[in-house]
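# Working through the structure, step by step
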Amino acid sequence: MASEKYVIALDQGTTSSRAVLINRAGRMVDCVQRPFQQIFPKSGWVEHNPQDILYSQLGSLTELLAKRGLTAEDIDSIGIDNQRETTIVWDPTTGQPVYNAIVWQCRRTADLVEQLCGTSEARQLIQEKTGLLPDAYFSASKIRWILDNVPSARERAEAGELLFGTVDTWLVWVLTGGLVHATDVTNASRTMLYNIHENCWDKELLNLFGIPASMMPEVRRSSGPFGETSYPGVPAGIPITGVAGDQQAALFGQCCFEAGQAKNTYGTGCFMLMHTGHEARLSNSNLVTTIAASAPQVEGTEYALEGSVFVAGALIQWLRDQLGIVQNAADTEWMAKSVEDTGGVYIVPAFTGLGAPWWKPDARGAILGITRGTTRNHIARAALEALAYQIYDLADAMAKDAGHPLGVLNVDGGASANSFLMQFQADLLGCELRRPQNTETTSLGAAFLAGLATGYWSGTDELKALRETDDVFRCQMDPERVGKLVAGWHDAVHRVM
Ligand code: ADP
């Protein structure tokens, strides 16, 4: 019998690169992680050295292969998931980037975005074409900044001598020995230059941002052939057959393949995505519309609505590091369970303003309803509840925008380990909440996309069957109590606004 083959996910994140070995049962067998340097040239500016990204990623891959004694024959395929929007421009003849990667978090182009698309017409045009709300976050203004600020970059780009890519594109280009300049639909949909309805780079937007079309990569489906490894030191001939931005990869890894299925990642902040099937629903409440990764069997384009919460696990960190009232994040679970309720305390963690659906960048946070009887346990509980209320608001807006009720919420991320939080969330949402055993959903999604394209897995039904028994949380609270709690939360939100 032939020995088992594996799929490798290259999980290229904002602070580290990982190579993850996944078997046919969908289990993570091994993983090598390499952090890399964060560069902060000025306040609000964030960069990475593209070579650091590359070498940390290749280093994790080769170390993983060496550690397990694996050769190209043992690997069915590679899937890539990556930090989204981060922008790299390079010269294909030398293979050298012309500037550092401008990271998604970087705010240097906030004024430029205001200048180029500050009017309500421009805003509407961008939302209609790309599903996004104009922001420095997305790649378009970052490319423009490089063309405006790197000596001779614009002339070289106009002469067809420079290429643009998000991190997936850079990795694919290098790994294929410079043969393939391509991205996938999910990454393309985060550039603010891609028409998500017509599935092409949008000429009008390229003109608006002054970006030559020759720089742009070819756009492919997330699950399908991208090329083969051909780079010194990396075993040659491994097919690269899956690419997706990290959040869309996580949606896929959570087996959200149909409209109404959603995932939320409870990390430092939260990222929530809801699949909306073949319909690109535009939001009325400051959510963005994005392309979802699809299985190869699916015809046409699938979409998702996406929203984020700025402060989630960060609130728990704040209780620990600034207030010192919890020793470690996990303690909040027993602290919350040790009291019956918050005693009327609400925390609105608007440290950096209120995100969707409220969108009040100037709002600041508050702790309300404290009395002489308030203890640290009440505060800890109020903090966990605040995470859940923010997701409740987001889910409510999403369901309205999508025209679908939320069917099931799949969870992952560090704070999803907190069972009090999960139960309270299920109580508020009134829908089933599923926490998989394997919460490495991002890598899993990239692996799934790669392995579906090669036939390593037969289809999404097989993937669903691989999911080991999840922890399931169902609503246990009576609707009247939910209504009262939510009304109290909204009262608190309106006070900080
Ligand atoms: P990120 O990937 O955004 O850095 P993680 O997914 O690793 O974040 O999650 C870490 C965050 O989750 C931290 O902000 C931490 O405070 C919070 N967290 C971790 N474990 C728990 C827990 N058991 N209960 C509540 N919050 C937690």
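Going by the structure above, here's the rest.
Residues numbered from 1 in each chain as written. Predicted model: local features only at pLDDT ≥ 70, side-chain atom pairs only at ≥ 80, totals over all residues. Heavy atoms only, no water.

### Focus: the pattern of salt bridges
Any two side chains of opposite charge can pair if their charged atoms end up close together. What counts is decided by this rule: When a carboxyl oxygen of Asp or Glu lies within 4 Å of a side-chain nitrogen of Lys or Arg, that pair is called a salt bridge. For the purposes of this entry, the term helix denotes a DSSP run of H or I that reaches at least four residues, the term strand denotes a run of E that reaches at least two, and both are numbered from the N terminus. Think of it in three bands: with a 1.4 Å probe and only protein chains considered, a residue is buried below 20% of the maximum accessible area for its type, exposed above 50%, and partly exposed in between.
This structure, assessed with the given rule, holds 32 salt bridges. Across the pair glutamate 63 and arginine 34 runs a salt bridge whose closest N-O atoms are separated by 2.8 Å. Of the two residues, glutamate 63 sits in helix H1 (residues 50–68) while arginine 34 sits in strand S3 (residues 28–35), which places them 29 residues apart along the sequence. Arginine 34 gets classed as partly exposed once you look at its relative accessible area, which sits at 31%. Measuring nitrogen to oxygen at the nearest pair gives 4.0 Å for the salt bridge that ties glutamate 85 to arginine 84. Given a relative accessible area of 2%, glutamate 85 falls into the buried group. Take arginine 84: its relative accessible area is 4%, and that puts it in the buried class.

### Focus on unusual backbone geometry
Alanine 356 connects to proline 357 through a cis peptide bond whose omega is 0°. Residue position: proline 357 is located in the loop between strand S20 (346–348) and strand S21 (366–368). In the Ramachandran plot, serine 152 falls in the positive-phi region, its phi being about 60° despite a non-glycine side chain. Mapped onto the elements, serine 152 comes out in the loop between helix H4 (139–149) and helix H5 (153–158). Of note, the phi angle at asparagine 199 is positive, near 55°, even though the residue is not glycine. Among the structural elements, asparagine 199 can be located in the loop between strand S11 (194–195) and strand S12 (200–201).

### Structural notes on the packing of helix H2 (residues 110–117) against H4
In plain terms, the rule: Lines fitted to C-alpha atoms define the axes, with helix axes restricted to the stretch in contact, and inter-axis angles between N-to-C directions lie between 0 and 180 degrees. The cut-offs work like this: below 35 degrees is roughly parallel, past 145 is roughly antiparallel, 65 to 115 is roughly perpendicular, and the gaps in between are oblique. Only heavy atoms matter for contacts: two residues are in contact if any of them lie within 4.5 Å across the pair. When residues are sorted by character, Ala, Val, Leu, Ile, Met, Phe, Trp, Tyr, Cys and Pro go into the nonpolar class, Asp, Glu, Lys and Arg into the charged class, and all the rest, Gly among them, into the polar class.
It is the contact of H2 with H4, at a shortest axis distance of 10 Å, that shows an interaxial angle of 105°. As the angle between them shows, H2 and H4 are arranged roughly perpendicular. Every residue of H4 that contacts H2 at Leu112, Val113 and Leu116 is listed here: Ser141, Arg144 and Trp145. Split by residue class, the contact of H2 with H4 holds four nonpolar, one polar and one charged.

### Let's talk about the sheet that holds strand S14 (residues 223–228)
The condition is simple: In this analysis, strands are considered paired if DSSP registers two or more bridges between them.
Read across the open sheet, the six strands follow the order S3-S2-S1-S5-S15-S14; overall the sheet is mixed. This sheet does not close on itself; its edge strands, each paired only once, are S3 and S14. The sheet shows a mean angle of 25° between the axes of neighbouring strands, direction not considered. One ladder, built from five bridges, connects strand S5 (residues 75–82) with strand S15 (residues 239–245); its direction is parallel. Across the sheet, residue aspartate 81 finds its bridge partner in S15, namely alanine 244. Of the strands in this sheet, S5 and S15 touch helix H9 (residues 246–253), which is tilted by about 105° from S15.

### A few points about the sheet that holds strand S7 (residues 96–97)
In spatial order, the strands read S7-S6-S9; together these three strands make up an open sheet with antiparallel pairing. The open sheet is flanked by S7 and strand S9 (163–165), the only strands paired with a single partner. Where helix H6 (residues 167–175) meets the sheet, it contacts strand S6 (88–91), S7 and S9, and its direction lies at approximately 30° from that of S6.

### A word on the site of the ligand
Going by this rule: Any residue with a heavy atom lying within 4 Å of a molecule or strand is counted as near it. For the purposes of these results, a polar contact is taken to be a pair of N or O atoms within 3.5 Å, where, inside protein, one atom must be able to donate a hydrogen and its partner to accept one; residues adjacent in sequence count only when each atom of the pair is a side-chain atom. Computed by Shrake-Rupley with a 1.4 Å probe, the accessible areas treat only the displayed protein chains as cover when residues are assessed.
Close contacts around the ligand come from 13 residues, with Thr268, Gly313, Gln317, Gly414 and Asn418 the closest. Threonine 268 is positioned such that a nitrogen or oxygen atom in its side chain is 2.8 Å from an oxygen atom of the ligand. Glutamine 317 places a polar side-chain atom, nitrogen or oxygen, 2.7 Å from an oxygen atom of the ligand. Compared with its free state, where it exposes 580 Å², the ligand has 66% of that area covered by protein. At four residues, helix H10 (residues 313–323) tops the list of elements feeding residues into the shell around the ligand. Tallied by class, the residues present in the shell around the ligand amount to five nonpolar, eight polar and no charged.

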